Each structure stands twice: as structure tokens, then as C-alpha cells.
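Close look at the chain arrangement
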2 protein chains.
Amino acid sequence: MIALDVMGGDRAPAATITGAIRWARSTGSKPILVGNLTIIHQLLDHGGEDPAAWTSVSAPVTVGMDAQPVKAIRSLPDASIRRCAELVKSGQAQALVSMGNTGAALAAGVIVVGRATGVERPGLAALLPGGPKPTLLIDVGANVEARPEHLRDFGLMGAIYQQQTFGIVEPRVGILSNGEEITKGNPLVRDAAVLLTESPLAFIGHVEPAVLYGDTADVIVCDGFTGNLVLKSLEATAEFAFDEVRKGVRRHPYTLPGLALLYPALRSVRQSTDYAQYGGVPLLGVNGVVIIGHGRSNAVAVVNALNVAANGIRSNLVNRIAEGLTTIRR
Amino acid sequence: MIALDVMGGDRAPAATITGAIRWARSTGSKPILVGNLTIIHQLLDHGGEDPAAWTSVSAPVTVGMDAQPVKAIRSLPDASIRRCAELVKSGQAQALVSMGNTGAALAAGVIVVGRATGVERPGLAALLPGGPKPTLLIDVGANVEARPEHLRDFGLMGAIYQQQTFGIVEPRVGILSNGEEITKGNPLVRDAAVLLTESPLAFIGHVEPAVLYGDTADVIVCDGFTGNLVLKSLEATAEFAFDEVRKGVRRHPYTLPGLALLYPALRSVRQSTDYAQYGGVPLLGVNGVVIIGHGRSNAVAVVNALNVAANGIRSNLVNRIAEGLTTIRR
């Protein structure tokens, strides 16, 4: 079962309920709807569904986008994201999906759902669609600090995710650095590279950010501070590029017909950093499948996130990561 | 006097000599040309100049783009970039300009030219032209590790550079972080933020990468590992955006006329991360003006770099930084 945080996200609850209904109709399974029951029942009814046929759990409080995550999770027992995490913790659900405050979902995953066996540090993974196959960047913000063995573990968790989700048989794992030579990198990078070389992973060494757009690596590891800044840098540039071209068009309206044809290219620029395109960002290494969607998610994105979560349950992601980490430590 | 590394750069020595000649004709001053004397004399002659009217210094060895920087500087006494640095060290020149291997220029600056009085760690500054005025990001690679006081000093050196170069009276200094709240950031960021708050600088707190494109900060400080990765992330995305739109045009040739009109927008996207647009990247905190241009620099970029170097000498940049650091430490 998947617990869906109905209240999280800029377009919630309308987009989350619409997504849930569509997903239920196409797959035959229903997520557990967690949020304000009155709203949930109204929207189900409005969508042509019988509320009695769905499982809903009352959680009338929404964690705002500006809330301080850890504090919110600890102090708000009725918050929808916390209730989702409790359902996973208690085994009533095996996965949770939230489009709300990323920090709060992260905190709920780490604090409430808890770490999987053998995992010291869960990692937040972003899937970057710039290349022919998505490149997984981990960690993009679960830990502002990390030790070398955490980066090695991120590599393993990311590789298992890429195997299970995209069928990449032997994912190539690189470590993000300020140069390709092994002499480059800060001490964390250099020490982690040694551990990755000794690991059974297909380690390809130091890689630079340009690799995020190519077909060189399937998994790229870094600490959460660096990963978060790199991800936000990609987003900022893509947004700037999109805006500049749009402004150029506004200055020269005669370019509009041409622009219609360029639209796929422009969209691809914007999507190149839209890590939520694959349904959301998985939090790897916790004791359940946790998928965090983008705050801007519409109903289609909600359907994608539910599919990713269902796939995580089906492929037994949590146990495979725990097994993998036990093996790598032997 | 400015020592110009004639041999460094993808288009050297033709672009460097052409740039030197143009700059000499427009300003009436001549840089010291450092490199292979036969080539220098031939190219001056070819450009309609009398070689006897120029000061040239023999340095027949070029540090390749792939060379290991520190090793190259230490082991190649005849390397043009090392000779330039020695001219600054000995006082025969007050500035050096190189379009060659960035790492080698950096090493020559730190090892040969040496740190300015009061400076513990020189910082490499990139000027990002995305916003209405350039935003200075420091450090983008001089130090893979830094302590909080180094980040504070980068803020001061960057602010003085922005004052002297772009006339920004009270530069706003931010610290790059994974969120705007003061609780965000790794320990380095949090400790440096305390020092910046206590400093006389106009400190605006934690900033995220989107600020690199806006008009929120004039100087953004970070450690050299993070800054290097952020800079390379911006470049990779801008390059990707440019390529995607170009591919879109190739698929639909009828968009070509429209594209001609969109060209300024596309160019601005590409230039948004072209930190060499302002003539090069200054290495701040060394005992002379060191300007490192992009390897791709053409003659126009060489002229710009020479102008930036001349401005650095004229505005007494080195002493102002030393004075500023002495004051801030009091």
C-alpha cells in the first residue's frame, strides 16, 4: 500500500486527489489518502468516486512550504506527512508519496520511518533527465555533512535504485569532483574514491558536473551540501536560459511561429534539470519507499510518483538496499 | 607594467600578440611580452610593429592545458607563465595576464608571486554576468578547503574588487548555502556567517545559487571546491541549453530566420556563465594583479584582460586588499 500525502504541494489537494483517482483507475489499486477528510470526501465525490471505497486517514494539518522541517515533524502529530510516515512505520503502508515541503518529507522519512537495516545515512537522490538515460545524483540534501563511507553507501544505494527502476545492469558510479584527476577533490572526495575503488561497484572515478548531461555515469555521489548546491545551480541556469529566450521572443514577435517549432527544445532545457520528471526524488536508505515529488506537481506528476512508489514496493527496493549494504561491508 | 603570457591559450600566440598590439595602440602603453622570442618578433613584424620598440622576455616553454599545475610551475623555469610571475615578484611588472592553463596560472600566482601582506589564502574570483551588474563568486578553485576566516577574507577581497572595478559603493556580500535560513549550511558556512556578521561588510546572509543571476548580491563567498562545482554546473547547463536550441533549429530549418532574431537571447544564455567576459578571472590576495583569461580567449578578450589588469594597477588593488584585511582583523 502507498500512503499519499493529499495536503502537500502547491496544487494540493485538487492535483493529488485527481492523480490518485487516475492512478487507481489505470492500475486497479488505491493509495491510502492522508489529509483533511472532509476535503478528501468532497473531492472524491466530485471526481465520480465513492469515498466509502477508499481508505482515508485523518490528518488535518499541512506543513507549510516555509516551515522548519524537523520542528514541524516533531511538533505536529496531525501533519499529513507525519501521518503518512507513521503508516509506513507501522507496516500499514510500504511506501509514501508527498509533494509537500521537501525538508519535512525528508525529516519524516529519517525520523519517523527510520533507517533501513545497515544504513547509517539515508540519501536523497535526484534523477537528472539531461542525458539519454537519467543520471542519479545522490545526496542532494539529506545530509549537509558526510563521511567517506557514506558516499560509498550512496553509490551502492543509487546503483540498486538504477538497476531496479531503469534496468541498468551494471550502473557506472562516479564521484563529483573539481577535476577528473585522482589528485583532485577535497579530502572527503579522495577518501571516498578509495573506498569506491575497493567496492564491487563499477566505479569510474572523479567526474565533473558536465557529466550530469551525458552518458558517462549512471550514479554520481557527493555530500548533501554540494549536491544541493549543484542541483540548485542547474535549475537556476535552466530557468535563466528559458527566460532569456522567452524575452527574446517578446522583443521580436515575428519569431513566434518559429518558436512554436523550437518549443520542444526549450522544454527540454527546462526539463533538463526537472528532477521531478521521473515522479519525484527517492529518499534511499529508509525503512520504506519514500518518494518526494516537486511542490509544483500536477495530477500527471502525482500519477508518476505513485507509479515510482509502486515499482519500489514491487522490486523490493528497501530489502535490496539493506542486503547490498550488508554485502559491501563484509 | 603588465607581463603578458604570450604562449598561453588555445588561440595563442596569434590572439595574444594581436590583442597586445590593439591594446598598445589604443592606450599608448605596451605590455611586456613573455614567450618564444622568434615567434613574438615574427608576429609583431607581421602586425606592423617594430619588435625593437617592445620589451620581450624569453620563455620558450608552454605549460599545456593538461599539465599538472604545481609540478609544471616548480619544474619548468622556462615556462612563460612562471616567467611572468617572476617579473611581478621582482617588481619589473605589477600585473600578469595569462590565457593558459588556469591551474598553472593559479600556482604561479600563489607560489611565485606570493601572498599579499595579511592574506592567508588567495581566492579565485569569477564574475558572472547573468544579472544587471556582474556578481562576483569567490573562491572558484584556489583552495579546495577553507576555514571560516578565509571565507570572511574572500568577502572582503571580493568587495574591494567590486568597488575598484565596477564602482559598487557598498557591495552586498552573501554566503552560498543550501537554504536562506541561518540554520542552513554546513559548519563552515555557519561559522563563516558569524564572522561575516561581525565584520564591517554589508553582509546579507545565506544565499542560494539562483542569486547568481539576480541583483541581490554583489559578492558571494564559498570554499573553492563548492565554487568550482557550482561554476562548472552553470557552464554545463548553459552549454546544454545552447545545444538543445541549436538541435531544435536543425530539425526545423524554417526556424532559422527566427533564430537569427533570437540570437542575442541565446548568446546571453551562453554568456551568462562566461566568467571570462569581463576579461578574465582575478586571483585576489596575491602580491600583484593576476588576471587569468579563458583558454578560448580571442584578441578582444586579451584586450579586455589587459584593461582589467591596468585598472587593477591604477586602482592600487593589491594595497587596498592588504589594508582592508589589516583593518578587518583589528
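First, a word on scope: everything that follows refers to the structure included in this document. (Residues numbered from 1 in each chain as written. Chains lettered and ligands numbered in written order. Predicted model: local features only at pLDDT ≥ 70, side-chain atom pairs only at ≥ 80, totals over all residues. Heavy atoms only, no water.)

1. Some thoughts on the overall build of chain A
- When its secondary structure is counted, chain A shows eleven helices and eleven strands.
- In summary, chain A has a C-alpha radius of gyration of 20 Å against a globular reference of 20 Å for 330 residues, a match within 12%.
- For chain A, the spread of C-alpha atoms along the principal axes amounts to about 65 × 60 × 35 Å.
- Considering chain A as a whole, with its 330 residues, one finds that 58% of them fall into the buried category.
- Residue pairs at least 24 apart in sequence account for 71% of intrachain contacts in chain A once pairs closer than 6 positions are excluded.
- Distance between charge centroids for chain A: 3 Å, based on 29 positive and 28 negative side chains. (Helix = DSSP H or I, 4+ residues; strand = E, 2+ residues; numbered from the N terminus. Rg over C-alpha atoms; globule rule 2.2 N^0.38 Å. Buried < 20%, exposed > 50% of the residue type's maximum accessible area, 1.4 Å probe, protein only. Contact = heavy atoms within 4.5 Å. Lys, Arg positive; Asp, Glu negative; His and termini not counted. Charge placed at Lys NZ, Arg CZ, Asp CG, Glu CD.)

2. Things to note about the pattern of salt bridges
- Applying the stated criterion across every chain, the model contains 20 salt bridges over all chains.
- A salt bridge links Arg172(A) to Asp215(A), with the nearest nitrogen and oxygen atoms 3.0 Å apart. Taken together, the positions of Arg172(A) in strand β7 (residues 172–176) and Asp215(A) in the loop between β8 (202–207) and β9 (219–221) put the pair 43 residues apart, joining distant regions of the chain.
- Judged by relative accessible area, which is 47%, Asp215(A) ranks as partly exposed.
- Among the salt bridges present, the one from Arg147(B) reaches Glu149(B), with a minimum N-O distance of 3.0 Å.
- The exposure class assigned to Arg147(B) is partly exposed, which follows from its relative accessible area of 40%.
- According to the relative accessible area criterion, Glu149(B) is partly exposed, its value standing at 25%.
- When salt bridges with common partners are traced through the structure, they connect Asp78(A), Arg82(A), Arg83(A) and Glu86(A) into a single cluster. (Salt bridge = Lys/Arg side-chain N within 4 Å of Asp/Glu carboxyl O.)

3. Things to note about the sheet that holds strand β4 (residues 95–98) of chain A
Residues and elements named next belong to chain A.
- With mixed pairing, eleven strands are arranged side by side in an open sheet as β3-β2-β1-β4-β11-β10-β5-β6-β9-β7-β8. Each edge of the sheet is formed by a strand with only one pairing partner; in this case those strands are β3 (56–58) and β8. Put simply, the sheet's adjacent strands are angled 25 degrees from each other on average, direction ignored.
- Across the face of the sheet, helix α7 (residues 187–198) comes into contact with β7, β8 and β9 while running at roughly 165 degrees to β7. (Pairing = 2+ DSSP bridges. Axes fitted to C-alpha atoms, helices over the stretch in contact; angles between N-to-C directions.)

4. Some thoughts on the side chain of Ser177(A)
- Its location among the elements puts Ser177(A) in the loop between β7 and α7.
- According to the relative accessible area criterion, Ser177(A) is buried, its value standing at 0%.
- Looking at Ser177(A), its side chain comes within polar contact range of the side chain of Asn178(A), at 3.2 Å.
- In this structure, Ser177(A) is in contact with Lys184(A), Gly185(A), Val189(A), His206(A), Val207(A), Glu208(A), Pro209(A), Phe225(B) and Leu229(B), ignoring residues within four places of it in sequence. (Polar contact = N/O pair within 3.5 Å; in protein donor to acceptor, adjacent residues only side chain to side chain.)

5. Describing the packing of helix α1 (residues 14–27) of chain B against helix α10 (residues 299–314) of chain B
All names here are of chain B.
- Running from N to C, α1 and α10 point in directions that differ by 55 degrees, and their axes come no closer than 8 Å. By the angle between their axes, α1 is oblique relative to α10. For the pair α1 and α10, the sense of crossing is right-handed. Here Ala15, Thr16, Thr18, Gly19, Ala20, Arg22, Trp23 and Thr27 of α1 come into contact with α10, specifically with Ala299, Val300, Val302, Val303, Leu306, Asn307 and Ala310.
- The class makeup of the residues in the contact of α1 with α10 is nine nonpolar, five polar and one charged. (Parallel < 35°, antiparallel > 145°, perpendicular 65-115°, else oblique. Left-handed = near helix turned anticlockwise from the far one by under 90°. Nonpolar A, V, L, I, M, F, W, Y, C, P; charged D, E, K, R; others polar.)

6. Re the packing of aromatic side chains
- According to the stated counting rule, one finds two aromatic pairs over all chains in the structure shown.
- Taken together, a centroid distance of 4.6 Å and an interplanar angle of 20 degrees make the contact between Tyr213(A) and Phe240(B) stacked. Placement of Tyr213(A) in the loop between β8 and β9 and of Phe240(B) in helix α8 (residues 224–251) is noted, with the two residues assigned to different chains. By the burial criterion, Tyr213(A) is buried, and Phe240(B) matches it. (Phe/Tyr/Trp six-rings, centres within 6.5 Å; stacked < 30°, edge-to-face > 60°.)

7. Quick notes on the sheet that holds strand β9 (residues 219–221) of chain B
Residue and element names in this part refer to chain B.
- Judged by pairing direction, the sheet is mixed, and its eleven strands sit side by side in the order β3-β2-β1-β4-β11-β10-β5-β6-β9-β7-β8 without closing on themselves. Bordering the open sheet on either side are β3 (56–58) and β8 (202–207), each of which pairs with just one other strand. Strand-to-strand twist across the sheet, computed as the mean angle between neighbouring axes with direction ignored, equals 25 degrees.
- Of the strand pairs in this sheet, strand β6 (residues 135–138) and β9 are connected by three bridges, and their pairing is parallel. The residue bridging leucine 136 from the neighbouring strand is valine 219, located in β9.
- Contacts from α1 reach β1 (2–5) and β2 (32–35), with the element oriented near 155 degrees to β1.
- Packing against the sheet, helix α5 (residues 102–113) makes contact with β4 (95–98), β5 (123–128), β10 (281–284) and β11 (289–292), and its axis sits at approximately 170 degrees to β11.

8. Describing helix α4 (residues 80–89) of chain A
All names here are of chain A.
- Across the ten residues of α4, eight count as buried, placing the element largely inside the fold.
- Considered for burial, the residues of α4 that qualify are Ser80, Ile81, Arg82, Arg83, Cys84, Ala85, Leu87 and Val88.
- Buried residues belonging to α4 abut β1 (2–5), β2 (32–35), β3, α3 (69–75), β4 and α5 (102–113).
- Directly beyond the C-terminal end of α4, a positive phi value near 85 degrees is found at glycine 91.

9. So, the pairing of β5(B)
Residue and element names in this part refer to chain B.
- The buried count for β5 comes to six of six residues, which makes it a mostly enclosed element.
- Side chains of β5 alternate between two faces, with Gly123, Ala125 and Leu127 and Leu124, Ala126 and Leu128 buried alike.
- One ladder, built from two bridges, connects β5 with β10; its direction is antiparallel. Looking across to β10, one finds that leucine 124 is bridged to leucine 283.

10. Details of a nonpolar patch on the surface
All names here are of chain A.
- Taken together, the side chains of Val70, Val110 and Ile111 make up a nonpolar region of the molecular surface, amounting to roughly 190 Å² of accessible area.
- Inspection of the secondary structure assignment puts valine 110 in helix α5.
- Under the relative-accessibility criterion, valine 110 is labelled partly exposed at 33%. (Patch = residues over 30% accessible without salt bridge, like charges linked within 9 Å, V, L, I, M, F, W, Y side chains within 5 Å. Areas by Shrake-Rupley, 256 points an atom, 1.4 Å probe, with all protein chains shown as cover.)

11. Considerations on the side chain of Ser98(B)
Residues and elements named next belong to chain B.
- Checked against the element boundaries, serine 98 lands in strand β4.
- Polar side-chain contacts of serine 98 include one of 2.8 Å to the side chain of aspartate 5.
- Once you skip the residues sitting within four places of it in the chain, serine 98 turns out to touch Asp5, Ile81, Ala105, Ile291, Ile292 and Gly293.

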